[in-house]
Amino acid sequence: MNRLDGKVALISGAARGIGAETARLMVEAGARVMIGDILDERGRETARAIGGRDAAAVFNHLDVTGEEDWSGTISAAVARWGGLDILVNNAGMFLGKGIEEASLDEWHRLHAVNLTGVFLDTKLAAPALRERGQTSPHGSAIVNLASVAGLVGSQLDPLYSMTKGGVTLFTKSAALEFARKGHRIRVNSIHPGVIQTDMGC
Ligand SMILES: NC(=O)c1ccc[n+]([C@@H]2O[C@H](COP(=O)([O-])OP(=O)(O)OC[C@H]3O[C@@H](n4cnc5c(N)ncnc54)[C@H](O)[C@@H]3O)[C@@H](O)[C@H]2O)c1
């Protein structure tokens, strides 16, 4: 018996990096994993590599800034495996610019990926997570990738810190809202320091 036997997970931004490694570990622990990303070719490769012969990981195109993409990816996971137990909001981007160097367009893009993406997924996945949460002894789970830059000040990219600080408090507040409503959806955030990935932060 593995820890995640019978569980269905959806991980955004899992074509590479922390998301891909999370997907690999979840499959190893017995879960079925839907990988969503804008990198179609890389995402399919990752799913093939970790999914094995019984296709325990599958790729679906997902731009986290779009409502339709989220609905389609959540529906694809539910249709394939019968429900959704775990959602990992991992997709994110780093700008690496100072306040005076960053343009308004760059801020809008950063905000859309790092914040709007987390809001949309939490909103649109909540019904499926709530349904599974009612029958599971530990409820269902949302895990948000924040950052140490969402806990303490960082000189590298204050705009990135602003988005990750938002993810940190949204996580706590979403957990409280769902608990008050009896949804049985746990919400937690992870705050890595610098990890060497293609993101370059
Ligand atoms: N690497 C670090 O040092 C570090 C530290 C703290 C937090 N984090 C956070 O961890 C998460 C994963 O980062 P990573 O280091 O693996 O970076 P990464 O760049 O390797 O992976 C990010 C993934 O998100 C995807 N993505 C970007 N925009 C997207 C969009 N609009 N829709 C769907 N997918 C999109 C990318 O294609 C990529 O596959 C991010 O949220 C990041 O902020 C990373």
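These figures come from a predicted structure and were not determined experimentally. (Residues numbered from 1 in each chain as written. Predicted model: local features only at pLDDT ≥ 70, side-chain atom pairs only at ≥ 80, totals over all residues. Heavy atoms only, no water.)

Student: An account of helix α1 (residues 17–28) is needed here, citing residue identities and associated values.
Tutor: An ideal rise of 1.5 Å per residue puts 16 Å on twelve residues; α1 measures up with 17 Å between its terminal C-alpha atoms. Where α1 is concerned, the buried positions are Gly-19, Ala-20, Ala-23, Met-26 and Val-27. Here the buried residues of α1 occupy an arc of 125 degrees about the axis, which is enough to place them on one side. Contacts made by the buried residues of α1 are with β1 (8–12), β2 (32–37), α2 (40–51), β3 (57–61) and β4 (86–89). Of the residues flanking the end of α1, it is Gly-30, one or two places downstream, whose phi is positive at about 110 degrees. (Helix = DSSP H or I, 4+ residues; strand = E, 2+ residues; numbered from the N terminus. Expected span 1.5 Å × (residues − 1). Buried < 20%, exposed > 50% of the residue type's maximum accessible area, 1.4 Å probe, protein only. Arc of directions from axis to C-beta. Contact = heavy atoms within 4.5 Å.)

Student: Any chance you could break down empty space enclosed by the protein for me, citing the residues and the numbers?
Tutor: This structure, assessed with the given rule, holds one cavity of 30 Å³ or more. Space inside the largest cavity adds up to approximately 30 Å³. If you trace the largest cavity, you find it lined by Ser-12, Val-64, Trp-70, Asn-89, Asn-90, Ala-91, Val-113, Gly-117 and Val-118. Residue contributions to the lining of the largest cavity peak at three residues, all from helix α4 (residues 104–135). Split by residue class, the lining of the largest cavity holds five nonpolar, four polar and no charged. (1 Å grid on protein atoms, 1.4 Å probe; cavity = no way out; pocket = protein on both sides within 12 Å on 5 of 7 lines; lining within 4 Å. Points joined across faces, edges and corners; volume = space filled by probe spheres on them. Nonpolar A, V, L, I, M, F, W, Y, C, P; charged D, E, K, R; others polar.)

Student: Quick one: what's the story with the site of the ligand, residue by residue and with numbers?
Tutor: Around the ligand sit 28 residues in total, of which Asp-37, Asn-90, Tyr-160, Ile-195 and Thr-197 are the nearest. Contact between the ligand and Arg-109: a nitrogen atom at 3.5 Å from a side-chain N or O atom of the residue. At 2.6 Å, a side-chain N or O of Thr-197 approaches an oxygen atom of the ligand. Contributing elements (two or more residues each) for the shell around the ligand: α1, α4 and α5 (158–180). The residue makeup of the shell around the ligand, split by class, is 15 nonpolar, seven polar and six charged. (Near = heavy atom within 4 Å. Polar contact = N/O pair within 3.5 Å; in protein donor to acceptor, adjacent residues only side chain to side chain.)

Student: Pulling in residues and values, what's your account of unusual backbone geometry?
Tutor: The bulk of non-glycine residues show a negative phi, and the bulk of peptide bonds are trans. At Ala-55, a residue that is not glycine, the phi angle is positive and equals roughly 50 degrees. Relative to the helices and strands, Ala-55 is located in the loop between α2 and β3. Phi at Arg-184 is positive, roughly 60 degrees, even though this residue is not glycine. Among the secondary structure elements, Arg-184 is positioned in the loop between α5 and β6 (185–190). Classification of Arg-184 as partly exposed rests on a relative accessible area of 35%.

Student: Tell me about the nonpolar core, and name the residues and values.
Tutor: Residues Leu-10, Trp-70, Leu-84, Leu-129 and Ile-142 are the most contacted members of the largest nonpolar core, which totals 24 residues. The set of elements that each furnish at least two residues to this core consists of β1, α3 (67–81), α4, α5 and β6. When residues in this core are grouped by element, the largest group, six residues, is from α4. Non-local contacts of Trp-70, meaning those with residues more than four positions away in its chain, are made with Leu-10, Ser-12, Leu-62, Val-64, Asn-89, Gly-117, Leu-120, Asp-121 and Leu-124. (Core = buried A, V, L, I, M, F, W, Y, C linked by side-chain atoms within 4.5 Å.)

Student: Can you lay out the sheet that holds β3 for me, pointing to particular residues and giving the numbers?
Tutor: Sheet architecture is open: six strands sit in the order β3-β2-β1-β4-β5-β6, paired in parallel fashion. Only two strands of the sheet have a single neighbouring strand rather than two, namely β3 and β6. Adjacent strand axes in the sheet meet at a mean angle of 15 degrees, parallel and antiparallel pairs treated alike. Bridge count for β2 against β3 is five bridges, and the pairing is parallel. Paired with Gly-36 across the strands is Asn-60, a residue of β3. Contacts from α3 reach β1, β2, β3 and β4, with the element oriented near 155 degrees to β3. Along the sheet face, α4 touches β1, β4, β5 (140–145) and β6 and points at about 170 degrees away from the line of β4. (Pairing = 2+ DSSP bridges. Axes fitted to C-alpha atoms, helices over the stretch in contact; angles between N-to-C directions.)

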